[in-house]
Amino acid sequence: MATEQQSGETFSDTQRSGPYASAVNWMESLSETQFAYLLLTPALVLLGVIAVYPLVSTFSMSLFADRLTGTARLGEFVGLQNYVDLFTGARNYALPSQFLPTFTSEFPFVTNIYSSALAVTLIFTVFSVLFETLIGFGQALILDQDFRGRRWVRVAIIIPWAVPIVIQGMIWYLMFQPNIGFLVGTSENPALLNQLGLIGTTPLRNTADALFLIIVADVWKTSAFMALLILAGMQSIDRSLYDVAKVAGASRWQQFKLITFPLILPTVLVAMLFRTIDAMRVYGIIQTMAGCQTVPSLSCLVVTTFNTPLYGTSATVAFVTAGIIAVVVSVYIVNFASEGI
Amino acid sequence: MASETPGAGIGSDDPDTEQGPLGRWVDSAIKNPDRVYRAMFYVAMLFFLVTTLFPFYWLLVLALTPNNLIANMGLVPKGFNPEVFIAMFERVPFHLYMFNSFVLGITTTVLVLLIASLAGYVFGRLRFPGKGVLMLGILAISYFPPAAFLIPLFELFTGNTAISIGMVTISTPDLFNTPAPMVFPFSALFLPLSIFILTTFYGQIPDGLEDAARVEGTTRLGALFRVIVPLSAPGVATAGVLTFISVYNEFFFSFLMNNGEADSWAPIVAGILKYQGQFDTPYNLMAAASIVGVLPVAILVIIAQERIVSGLTAGALKE
């Protein structure tokens, strides 16, 4: 913080006297390394207090039992017991939704998928990232062309990305609330999507239907992000490659398969990584569209147990969520490294 | 879209048969496949335009229809009730929530730009040991979910965290229902993106310009704020616009770090959710508030789309 003050002073004051001069002289006398760390101090302090400290603190809280009585935040030290309980299902009695699905010996070996926070989060992540990539690809192909009004088409495609999450949730809530629109009706008077058999008549109260609609809402909002990244990849391709391909008689499909696709694949993978990390944290759209009781994601589980308050359990789920994201990130990074990208 | 190609095969089988307009079109399409691509292109573009813009149109339909008529709505409003845009402010002080959102967004943006400018200068222009590790560390922090920070930050900002310095133990001040519990988490959350954008931009300024300023007698920080930042104005604008939009759109901390009242600095998240009444559900007011809430970012996107596009791509594809 002191750095900013000094920067303000040197910025506004050219005459050098008293404390200004000594501060300036002191800063000028620093080595490059010292100066670098001085300028990084505000960023490191902010991230230290707001990110690193909470992360460490969350981990240490996860080693304590939930408080049972009294005013203390936490119970006694229990080591890794919270993690054991979470993964064996012994903690499910305290959770609004179980962490893992229930495993059985018969095909398909799992039941209660929709009441498991981990399964719901993974289903959401896989399908939303998959469809965002496909649709983003389509949008990028459109935006890569030259045509009149391209600027406005691009605005139209970007705008959903800029919509606040709470309004995104409100929009899709208003679209799928039974009986107000033409998409969802009542059981006596089924509307378009009910007749097609896609969703029931109270889709936002049924986990499978609500999860499907939340994925649709997320694809609507974030495909644009994928589109922009993929478009940037496409536009960095050397156009003369296409001229060569045309001379060699390659069809449009061959040009796409042999030039566009391999050259933008690294970009697409990076974009998918970003979206995966983001999708694993899903919370706001669930809270506004359907509620955490209907669609329990990992972040939902953290917040509900935090509110209960079961701090030990909540911290454990939070740290496991962070751990799963870290695993996903490292899988991607190892793949990148092995492909030499 | 797909049917055009198989259709083309049938149409061209027997050129002697009498052809309708479709057949002729198909014939010319085979001779000149570019036209098919062109047609497919327009169909796809129309599809994307309709799917991205329809939800906004739906909001307008619901907002303009009086609430008691909202049932089995078609594609046009049942009635025309522009007074809804006044009624929405009477039911919930939405203008105050929007004001709070703006204050939070601007404060965070200023803080992030200041801190990220210093850090971006260091990463973009200086060489020192530990640089790679620090950049990787900052990147890694941005991967963690906000949920992993929630409990300690909540305790910290509600005054329940005790700090011991030697013999003295002090409690953190209770800052709940002030802007602080939102501004600081937002800043930490969106700082990494701005650092990476500014690192790219600051790193591109030729060394000669900075050296010239230094020879003229400018201090190191003077060179940063008088030479490098002004020359990187597009980069600073990009980072600023993206930070503001991100804060305006944020849900997690906006929802959990205040009590939801307008005079406790709650942003639009709480404002929108407040329309859900205990005894009624005013769909038209919800839709109207959503339209009003989207307007600022929609305008920002229209004005600053070049900046947004370059910032998102530069920030994300940096590694």
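Cut-off values and rules
Residues numbered from 1 in each chain as written. Chains lettered and ligands numbered in written order. Predicted model: local features only at pLDDT ≥ 70, side-chain atom pairs only at ≥ 80, totals over all residues. Helix = DSSP H or I, 4+ residues; strand = E, 2+ residues; numbered from the N terminus. Buried ≥ 20, exposed ≤ 12 C-beta atoms within 10 Å, placed from the backbone. Contact = placed C-beta atoms within 7 Å. UniProt positions renumbered as here; feature names shortened; annotations may be inferred. Domains from an automatic or database assignment. Nonpolar A, V, L, I, M, F, W, Y, C, P; charged D, E, K, R; others polar. Core = buried A, V, L, I, M, F, W, Y, C linked by C-beta atoms within 7 Å. pLDDT = per-residue confidence, 0-100.

**Here we look at the overall build of chain B**
Next up, step 1: Check the secondary structure of chain B and you find 14 helices and two strands.
Next up, step 2: Counting only C-alpha atoms, chain B reaches 100 × 65 × 35 Å along its principal axes.
Next up, step 3: Every one of the 319 residues in chain B was classed for burial, and the buried ones make up 44%.
Next up, step 4: The contacts in chain B between residues at least 6 apart in sequence include a share of 68% that link residues at least 24 apart.

**Regarding the overall build of chain A**
Next up, step 1: Across its full length, chain A carries 14 helices and four strands.
Next up, step 2: Across the 341 residues of chain A, 41% fall into the buried class.
Next up, step 3: In chain A, 58% of the contacts between residues at least 6 apart in sequence involve partners at least 24 apart.

**Structural notes on the UniProt feature "transmembrane region" (unreviewed entry) in chain B**
Residues and elements named next belong to chain B.
Next up, step 1: Listed under "transmembrane region" (unreviewed entry) in the UniProt record, and renumbered for this structure, are residues 39-60, 97-121, 133-154, 182-202, 223-248 and 283-304.
Next up, step 2: Segment residues 39-60 splits into 100% helix and 0% strand. End C-alpha atoms: 31 Å apart.
Next up, step 3: Between the end C-alpha atoms of residues 133-154 there is a gap of 29 Å, over a span that is 73% helix and 0% strand.

**Examining the UniProt feature "domain: ABC transmembrane type-1" (unreviewed entry) in chain B**
Next up, step 1: The UniProt record marks residues 98-304 of chain B with the feature "domain: ABC transmembrane type-1" (unreviewed entry), using the residue numbering of this structure.
Next up, step 2: End C-alpha atoms of residues 98-304 of chain B are separated by 20 Å, and the span's content is 70% helix alongside 4% strand.

**Remarks on the domain arrangement of chain B**
All names here are of chain B.
Next up, step 1: For chain B, the domain assignment lists domain 1 (4-69) and domain 2 (86-316).
Next up, step 2: Summarising the inter-unit geometry, the C-alpha centres of domain 1 and domain 2 are found 43 Å apart.
Next up, step 3: In this complex, domain 1 contributes seven residues to the contact, which on the side of domain 2 involves seven residues.
Next up, step 4: Classifying every residue of the side of domain 1 that touches domain 2 by side-chain character gives five nonpolar, two polar and no charged.

**A closer look at the interface of chain B and chain A**
Next up, step 1: In this complex, chain B contributes 79 residues to the contact, which on the side of chain A involves 82 residues.
Next up, step 2: Of all the elements, helix H14 (residues 283-316) of chain B adds the most residues to the side of chain B that touches chain A, at 16 residues.
Next up, step 3: Here the side of chain B that touches chain A is composed, by residue class, of 66 nonpolar, 11 polar and two charged.

**Here's the deal with the nonpolar core**
Next up, step 1: Judged by nonpolar contacts, the single largest core of 182 residues is most densely connected at Leu 174, Ile 214 and Met 289 of chain A together with Ala 119 and Leu 150 of chain B.
Next up, step 2: The element contributing the most residues to this core is helix H9 (residues 207-235) of chain A, with 17 residues.
Next up, step 3: Non-local contacts of Ile 214 of chain A, meaning those with residues more than four positions away in its chain, are made with Phe 124, Ile 285, Ile 286, Met 289, Ala 290 and Val 295 of chain A.

**Some remarks on the confidence of the model for chain B**
Residue and element names in this part refer to chain B.
Next up, step 1: Across chain B, the average pLDDT comes to 85, with 92% of residues at 70 or higher.
Next up, step 2: When mean pLDDT is taken per element in chain B, helix H5 (residues 94-125) scores highest with 95 and helix H1 (residues 4-11) scores lowest with 45.
Next up, step 3: Taken together, the chains of this predicted complex give a pTM of 0.87 and an interface ipTM of 0.86.

**Let's talk about unusual backbone geometry**
Next up, step 1: Cis geometry is adopted by the peptide bond preceding Pro 309 of chain A, which originates at Thr 308 of chain A and carries an omega value of -5°.
Next up, step 2: Inspection of the secondary structure assignment puts Pro 309 of chain A in the loop between helix H13 (298-307) and helix H14 (311-339).
Next up, step 3: At Asn 177 of chain B, a position not held by glycine, the phi torsion is positive, near 70°.
Next up, step 4: In this fold, Asn 177 of chain B is placed in the loop between strand S2 (168-171) and helix H8 (180-203).

**Looking at the environment of Phe 102 of chain B**
Next up, step 1: Tracing the sequence through the fold places Phe 102 of chain B in helix H5.
Next up, step 2: Once the C-alpha coordinates of Phe 102 of chain B and Val 247 of chain B are considered, the two residues, 145 residues apart in sequence, prove to be 9.1 Å apart.

**Comments concerning helix H7 (residues 150-157) of chain B**
Next up, step 1: Summarising burial for H7 of chain B: seven of the eight residues are buried, a large majority.
Next up, step 2: Within H7 of chain B, burial applies to Leu 150, Ile 151, Pro 152, Leu 153, Phe 154, Leu 156 and Phe 157 of chain B.

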